[in-house]
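If you want the building blocks of each chain, they are given just below.
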There are 2 protein chains.
Amino acid sequence: MLRSHNCGELRKSDVGQAVQLCGWVDSYRDHGGVVFIDLRDRYGKTQVVFRPEEGSEVHVEGRQLRSEDVIQVMGEVVPRTDKDINPKMVTGEIDIRVQELKVFSKSKTPPFEPRTQDLPNEELRLKYRFVDLRREELQKAMFLRHKLTKLARDYFDEQGFLDIETPILGRSTPEGARDYLVPSRVHEGAFYALPQSPQLFKQILMVSGYDRYVQIAKCFRDEDLRADRQPEFTQIDVEMSFVEQDDVLSMIEGLLALWTKEVRGTELQLPLPRLTYADAMERFGTDKPDLRFDMELIEISDLVTDCEFGVFKNVVGSGGRVRGLNVKGVGDRYSRRVLDNDMKGLVGEYGAKGLAYFKVVGGKLESSIAKFFNDEQQQAIIERMQGEDGDLLLYVADQPSVTSAALAALRNHLGRDLELYNPEDMAIAWVLEFPLVTWNEDENRWNAEHHMFCNPFEEDTEYFESDPGKIRARSYDLVCNGYEGASGSIRIHDTKIQQQVFDLLAISPEEAEERFGFLLEALRYGAPPHGGVALGLDRWVMLFAMYDNIRDVIAFPKTQKASDLLSGAPAEVDPKQLRDLNIKLDVKK
Amino acid sequence: MLRSHNCGELRKSDVGQAVQLCGWVDSYRDHGGVVFIDLRDRYGKTQVVFRPEEGSEVHVEGRQLRSEDVIQVMGEVVPRTDKDINPKMVTGEIDIRVQELKVFSKSKTPPFEPRTQDLPNEELRLKYRFVDLRREELQKAMFLRHKLTKLARDYFDEQGFLDIETPILGRSTPEGARDYLVPSRVHEGAFYALPQSPQLFKQILMVSGYDRYVQIAKCFRDEDLRADRQPEFTQIDVEMSFVEQDDVLSMIEGLLALWTKEVRGTELQLPLPRLTYADAMERFGTDKPDLRFDMELIEISDLVTDCEFGVFKNVVGSGGRVRGLNVKGVGDRYSRRVLDNDMKGLVGEYGAKGLAYFKVVGGKLESSIAKFFNDEQQQAIIERMQGEDGDLLLYVADQPSVTSAALAALRNHLGRDLELYNPEDMAIAWVLEFPLVTWNEDENRWNAEHHMFCNPFEEDTEYFESDPGKIRARSYDLVCNGYEGASGSIRIHDTKIQQQVFDLLAISPEEAEERFGFLLEALRYGAPPHGGVALGLDRWVMLFAMYDNIRDVIAFPKTQKASDLLSGAPAEVDPKQLRDLNIKLDVKK
């Protein structure tokens with residue numbers, strides 16, 4: 001090695017040693033001819049000092065150093081005087097008196113300093129990712145990512161899981177998201193697809209008897225990206241044979257407990273809370289509730305059927321619902337402008353046509369519409385809402401799905417705005433029993449809620465004909481702080497049930513055979529009951545890091561336009577490459 | 001869990017227990033109405049017995065079971081009588097007397113039985129990979145792969161390496177092999193490329209100060225495949241900062257020693273043997289020598305300049321070489337037909353126009369051409385070859401590169417054919433100091449021997465102008481049993497030297513900027529000296545498994561035509577998908 005020590009390990013006990021350090025010039029100060037440099041590497045910083053008395057050559061060279069130059073220094077570990085000791089640095093009790101210097105490379109002036117507090121815009125950071133990655137925040141994220149990954153691998157290894165790689169060059173089985181395609185050179189007109197998940201292959205591994213499979217797998221979805229999505233993302237992909245739902249859930253809970261203990265030093269209370277999809281939708285309006293705070297949705301439809309407020313009355317009359325939130329103790333906090341503009345605007349994004357609100361004052365409702373509710377109605381509402389003087393009551397009256405979505409968003413907004421939780425809390429829970437299918441209004445057909453390999457509850461199979469929306473699947477999501485952190489299910493291992501599901505989804509036997517034939521064929525040759533789950537690694541790193549930008553936990557992320565600003569991907573290619581691949585451009589201009 | 005025990009864990013001490021087992025029907029025997037089934041899972045086999053006296057229902061069901069059905073049995077662990085004990089099975093002292101049976105799924109008759117010794121052709125095995133993967137040989141490979149992977153991850157973690165993911169959707173920087181391309185939907189006319197290796201990104205991580213990086217990375221090369229290549233393959237990718245060559249070599253040697261100890265139970269002698277590229281080519285004719293046996297190449301050019309055998313004389317006269325092998329003690333083994341047809345044919349594949357041979361008999365050469373060598377010449381040849389009576393001497397006279405390639409192939413063939421080594425041996429060594437560049441006759445230009453980021457030896461830089469072929473790179477390959485198991489180098493961290501290399505390779509500054517601009521830019525902002533290596537994981541699994549087919553150590557491999565016979569990838573896709581991606585087919589029919 002070109003160094004005897006790294007920049008984080010020298011202590012007072014090393015005083016007198018001749019050492020060799022390598023690293024980056026983090027900061028440079030010249031105090032009356034004595035040059036002080038904080039030399040930085042991944043392990044820490046050490047102050048190295050160039051004194052004129054060490055000889056003019058090394059001193060002159062030392063004075064020419066600038067930020068981000070990469071150097072090697074040879075010198076002696078010397079103690080600092082008491083007044084110079086820096087208790088904030090673990091190496092703060094010593095200096096290196098430099099006797100020799102080697103400059104490995106000079107740096108151009110970087111577009112921003114890695115130690116800046118004044119971050120430039122994200123585009124510049126992504127373009128100069130090699131500078132950005134030197135920042136402590138990103139280094140911490142990479143260390144944490146390594147740690148969570150390593151813990152997961154160790155955990156699953158100890159539990160008897162086999163780490164098995166599945167192909168990246170696979171077959172297009174479009175479902176939900178768009179596939180990324182890869183033209184084949186050898187097979188003219190044919191394409192590979194990058195996997196949206198290893199789903200089919202991991203099920204085949206169960207059919208092949210591997211019993212417990214794990215893979216930290218790259219997955220790909222060619223979607224228009226939301227802020228917390230990436231075109232390629234990493235999931236911890238798990239599948240188990242001869243299991244029931246509780247076996248999978250407790251296996252994953254063990255991992256979360258390990259992560260929590262090793263990263264946060266706290267014990268995760270197990271088993272994790274579990275709520276059904278129906279419960280989650282009813283109480284929080286979403287299947288990804290943020291459980292760091294209460295403030296559940298409360299229905300008052302039955303209390304307002306006879307009120308004189310037309311909006312409520314009509315909505316209830318036409319099959320809609322009136323649901324609301326009791327925002328405790330903030331009756332005076334929000335101005336009419338905030339309520340009528342900002343909050344109404346927010347619920348409007350989810351299709352709600354309005355936001356009704358009251359303040360509880362002296363045991364009565366107060367607001368511009370309070371007059372439409374008689375005393376008895378007001379008492380009933382206050383009682384139902386567990387209202388107390390000073391509370392703010394907010395309502396959305398609309399179609400059931402709109403009230404859910406709008407109030408869920410409003411609840412999240414208020415939780416954040418009113419600091420109803422400690423941002424360092426992690427509230428993790430399972431949401432169970434998702435519907436097997438949901439009705440797609442646009443296409444006039446049933447869609448799989450999770451995917452088409454989820455096993456329905458046996459006792460619900462009677463609804464296949466009569467009321468498919470009522471069939472619950474043996475599926476489960478892990479939610480944390482309003483994010484979906486994992487998703488899984490017990491799979492179908494019986495080809496007859498699989499056929500029933502395909503029929504329901506209006507997938508013909510021919511189409512099924514074309515798209516999933518190899519899995520269906522495998523199921524015919526001895527399939528065990530099996531189930532699994534996939535955890536979003538990027539997201540869990542983000543949650544444990546307590547960051548709110550997924551790109552800060554990925555070494556080389558892509559923008560929301562799926563570009564890598566560092567390498568400039570995607571880019572035009574040589575026309576010869578396209579000819580080799582038997583394709584040509586079809587650009588609409 | 002649906003089982004209380006797996007199929008590999010019950011012992012005599014469990015007799016009397018009520019247990020629940022799940023698995024596949026491995027074999028079925030009916031002895032006078034008593035049904036014996038070997039129930040199989042990943043962990044082993046246990047014999048389960050259906051007796052008529054347990055009640056007719058379960059017995060009748062038991063009799064209907066067939067190979068590969070998946071079942072659950074409940075019953076009691078009973079001891080076998082002494083004469084029925086099977087000492088070859090760890091569970092061979094007990095049976096399960098079945099009281100209840102549940103059939104999870106019936107299997108169609110599989111195209112071949114997982115326990116068959118009579119393997120069908122590989123195409124059928126790949127198509128029915130879910131059956132093939134049940135075979136013990138493939139299960140062993142998957143277990144071994146898991147183990148080697150886990151050991152590597154643990155080793156690098158302990159050594160302070162960070163596991164960092166680099167992108168799969170990257171930028172096309174064609175070099176050597178063809179890139180797999182991925183059309184971008186969002187950016188019309190632009191393409192991602194799948195990485196041939198994470199080379200540029202791992203160098204950037206060094207520039208960013210990550211110091212020690214490791215990743216078990218999928219890499220992609222769109223090449224016409226040789227038998228031991230796959231279009232997607234896995235490498236253990238390593239990079240270190242502030243290191244010299246020996247630091248990288250000994251780090252990797254530590255991993256190999258760990259693997260050897262944990263898999264084979266033996267100590268690997270360290271440091272590993274090291275030979276230069278020049279030495280390897282001279283002594284073995286290849287940079288991938290099989291060092292399990294000696295039989296080095298020996299040159300006799302200087303001894304035959306005046307002989308009367310025209311072929312030798314002319315070749316030497318025109319700058320060629322005469323080199324040969326002494327195949328000890330097999331002077332009588334090969335017939336003239338084998339020598340003149342088979343072996344001559346083999347060297348012919350490498351461009352050799354002929355194969356000359358002699359037998360050493362009574363201290364003289366014997367063969368149809370022996371008469372062209374006088375006594376003195378014969379003695380000199382025998383002495384140089386360390387010939388003894390009964391030896392077979394084989395020669396190729398040709399251009400130097402042809403003699404190397406032809407004799408290397410012949411040497412490998414003879415080593416195998418004559419069983420000159422124990423096939424369980426692993427002979428691992430480093431080959432060092434590859435040439436930086438080699439001359440490309442076809443294109444009339446210099447090509448990078450490894451890749452264009454390898455650091456040249458400082459003392460060889462004088463040859464940049466005068467004799468570039470003499471410049472040695474700080475590059476190194478790890479070879480094992482004739483395979484390249486790893487490849488790496490100390491990289492260029494100085495943009496001036498990088499420019500010199502680009503100039504030599506006739507890559508213009510504009511082209512360099514277009515292809516590798518982001519790495520070159522990174523090098524300008526403070527790059528540490530760094531180097532690394534990539535190990536071919538698939539190949540090491542194959543070597544440690546002592547298999548000779550790389551597809552047997554990959555769960556879902558592709559054929560030499562880059563097809564996945566299981567899923568049918570690549571395949572045609574919906575025209576709408578192509579329109580979305582702004583491409584169309586350009587099939588030449």
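Rules used in this analysis
Residues numbered from 1 in each chain as written. Chains lettered and ligands numbered in written order. Predicted model: local features only at pLDDT ≥ 70, side-chain atom pairs only at ≥ 80, totals over all residues. Heavy atoms only, no water. Salt bridge = Lys/Arg side-chain N within 4 Å of Asp/Glu carboxyl O. Helix = DSSP H or I, 4+ residues; strand = E, 2+ residues; numbered from the N terminus. Buried < 20%, exposed > 50% of the residue type's maximum accessible area, 1.4 Å probe, protein only. Contact = heavy atoms within 4.5 Å. Buried area = accessible area lost by both parts, 1.4 Å probe. Polar contact = N/O pair within 3.5 Å; in protein donor to acceptor, adjacent residues only side chain to side chain. Core = buried A, V, L, I, M, F, W, Y, C linked by side-chain atoms within 4.5 Å. Least-squares fit on C-alpha atoms with pLDDT ≥ 70 in both. Pairing = 2+ DSSP bridges. Axes fitted to C-alpha atoms, helices over the stretch in contact; angles between N-to-C directions. pLDDT = per-residue confidence, 0-100. Expected span 1.5 Å × (residues − 1). Phe/Tyr/Trp six-rings, centres within 6.5 Å; stacked < 30°, edge-to-face > 60°. Lys NZ or Arg CZ within 6 Å of the ring centre and 35° of its normal.

Chemist: Would you take a moment to explain the pattern of salt bridges for this structure?
Modeler: Between side chains of opposite charge, a pair can form as their charged atoms come close. All told, the structure shown has 114 salt bridges over all chains when counted by the stated rule. E165(A) is the salt-bridge partner of R145(B), the closest N and O atoms lying 2.6 Å from each other. Within this pair, whereas R145(B) is found in helix α4 (residues 136-158), its partner E165(A) is found in the loop between β6 (162-163) and β7 (181-183), the two belonging to separate chains. R145(B) gets classed as buried once you look at its relative accessible area, which sits at 6%. The exposure class assigned to E165(A) is buried, which follows from its relative accessible area of 18%.

Chemist: Would you take a moment to explain unusual backbone geometry for this structure?
Modeler: Generally, phi is negative for residues other than glycine and the peptide bonds are trans, each holding for most cases. All names here are of chain A. Here the amide bond leading from A569 into P570 is cis, since omega sits at -5 degrees, within 30 degrees of zero. Looking at where P570 falls in the secondary structure, it is placed in the loop between α15 (537-545) and α16 (575-580). In the Ramachandran plot, F242 falls in the positive-phi region, its phi being about 55 degrees despite a non-glycine side chain. Structurally, F242 can be placed in the loop between β10 (232-241) and α6 (245-264). Given a relative accessible area of 0%, F242 falls into the buried group. Not every positive phi belongs to a glycine, and N582 is a case in point at roughly 60 degrees. Mapped onto the elements, N582 comes out in the loop between α16 and β23 (583-585). Residue class for N582 comes out buried when judged on its relative accessible area of 3%.

Chemist: So what exactly am I meant to see when it comes to the environment of L303(B) here?
Modeler: Structurally, the position occupied by L303(B) is in the loop between β12 (298-299) and α8 (310-317). Not counting the four nearest positions on each side in its chain, L303(B) is found in contact with Q377(B), A380(B), I381(B) and R384(B).

Chemist: Explain the interface of chain A and chain B here, please?
Modeler: Many authors give the size of an interface as the accessible area that is lost as the parts come together. If you look at the interface, chain A gives 125 residues, while chain B gives 125 residues. Of the roughly 11,400 Å² buried at the junction of chain A and chain B (both faces included), carbon and sulfur atoms supply 59%. On the chain A side of the contact with chain B, E165(A), F242(A) and Y525(A) bury the most area, a combined 7% of that side's loss. At the junction of chain A with chain B, the criterion picks out 14 salt bridges. Linking D154(B) and K150(A) is a salt bridge whose minimum nitrogen-to-oxygen distance equals 2.8 Å. Here chain A is connected to chain B by 70 residue pairs in polar contact (both at pLDDT 80 or more). When residues in the side of chain A that touches chain B are grouped by element, the largest group, eleven residues, is from helix α4 (residues 136-158) of chain A.

Chemist: Help me out: how do you make sense of the nonpolar core in this one?
Modeler: Soluble globular proteins: nonpolar side chains tend toward being buried together. All names here are of chain B. Of all hydrophobic cores here, the largest spans 91 residues; its most connected members are F156, I236, W259 and W540. Looking at which element gives the most residues to this core, the answer is α4, with nine residues. Discounting chain neighbours no more than four positions away, the residues touching F156 are F161, V214, I236, V238, M251, I252 and L255.

Chemist: Is there a simple way to think about the relation of the copies chain A and chain B in this case?
Modeler: The pair of chain copies shares a relation made of a rotation about an axis and a shift along it. Of the transformation placing chain A onto chain B, the axial shift is 0.0 Å and the rotation is 180 degrees, giving an RMSD of 0.2 Å. The superposition operator between the copies reduces to a two-fold rotation axis. Of all interface residues in chain A, 100% are interface residues in chain B too; the two copies therefore contact each other through one and the same surface.

Chemist: Is there a simple way to think about the sheet that holds strand β4 (residues 70-79) of chain A in this case?
Modeler: In a beta sheet, neighbouring strands pair by backbone hydrogen bonds and run either parallel or antiparallel. Residue and element names in this part refer to chain A. If you trace the five strands once around the closed barrel, you get β1-β2-β3-β5-β4, paired in mixed fashion. Across the sheet, the mean angle from the axis of one strand to that of its neighbour is 55 degrees, orientation sign disregarded. As paired strands, β4 and strand β5 (residues 94-105) are joined by ten bridges and run antiparallel to one another. Across the sheet, I71 pairs through a bridge with V103, a residue of β5. In the packing of helix α1 (residues 56-63) onto the sheet, the strands contacted are β1 (18-31), β2 (34-41), β3 (44-50) and β5, and the crossing angle to β5 comes to about 75 degrees.

Chemist: How should I be thinking about the confidence of the model for chain A in this particular structure?
Modeler: Detailed conclusions should not be drawn from predicted coordinates in areas where pLDDT is low. Overall, the predicted model of chain A reaches an average pLDDT of 95, with 99% of residues at or above 70. The ipTM assigned to the predicted complex is 0.95, against a pTM of 0.96.

Chemist: I tried to follow helix α6 (residues 245-264) of chain B on my own but got confused; where do I start?
Modeler: Because each turn of an α-helix spans 3.6 residues, side chains separated by three or four positions in sequence point in the same direction. Its 20 residues place the ends of α6(B) 28 Å apart at the C-alpha level, agreeing with the 28 Å of an ideal helix rising 1.5 Å per residue. Positioned one or two residues after α6(B), G265(B) has a phi angle of 75 degrees, which is positive.

Chemist: How should the pairing of strand β9 (residues 212-220) of chain B be read in this particular structure?
Modeler: Regular strands have side chains that alternate between both faces of the sheet. All names here are of chain B. Counted residue by residue, β9 has nine buried out of nine residues, so it is predominantly covered. Judged by which residues are buried, β9 turns out to be covered on both faces: R212, V214, I216, K218 and F220 on one side and Y213, Q215, A217 and C219 on the other are all buried. Summarising the sheet, β9 and strand β10 (residues 232-241) pair through nine bridges and their orientation is antiparallel. If you follow Q215 over to β10, its bridge partner there is D237.

Chemist: Can you help me understand the sheet that holds strand β3 (residues 44-50) of chain B in this one?
Modeler: One closed barrel accounts for five strands, arranged β1-β2-β3-β5-β4 (chain B); its pairing is mixed. Averaged over all pairs of adjacent strands, the angle between their axes in this sheet comes to 55 degrees, without regard to strand direction.

Chemist: Before we go on, may I ask you to explain the packing of aromatic side chains in this structure?
Modeler: For the structure on display, the rule yields 52 aromatic pairs over all chains. Note on F293(A) and Y421(A): the rings are 5.5 Å apart at their centroids and 25 degrees apart in plane angle, and the pair reads as stacked. In this pair, F293(A) sits in the loop between α7 (277-284) and β12 (298-299) while Y421(A) sits in the loop between α11 (400-417) and β17 (428-432), placing the two residues 128 residues apart along the sequence. A residue is classified by how much of its surface remains accessible, and F293(A), at 5% relative accessible area, is buried. Ring centres 5.9 Å apart and planes at 80 degrees place the aromatic pair W259(B) and F544(B) in the edge-to-face group. Placement of W259(B) in helix α6 and of F544(B) in helix α15 (residues 537-545) is noted, with a sequence separation of 285 residues between them. When sorted by exposure, W259(B) lands in the same class as F544(B), which is buried. By way of ring pairs, the aromatic residues F309(A), F312(A), F358(A), F372(A), F373(A) and Y395(A) are connected into one cluster. A cation over a ring is seen here: R66(A) above Y28(A), with NZ or CZ 4.8 Å from the ring centre.

Chemist: Before we go on, may I ask you to explain the environment of S250(A) in this structure?
Modeler: All names here are of chain A. Looking at the element boundaries, S250 is found in helix α6. Judged by its relative accessible area of 40%, S250 falls in the partly exposed class. Note: C-alpha distance between S250 and P271 (21 residues apart in sequence) is 7.3 Å. A polar atom in the side chain of S250 sits 3.4 Å from the backbone oxygen of D247.

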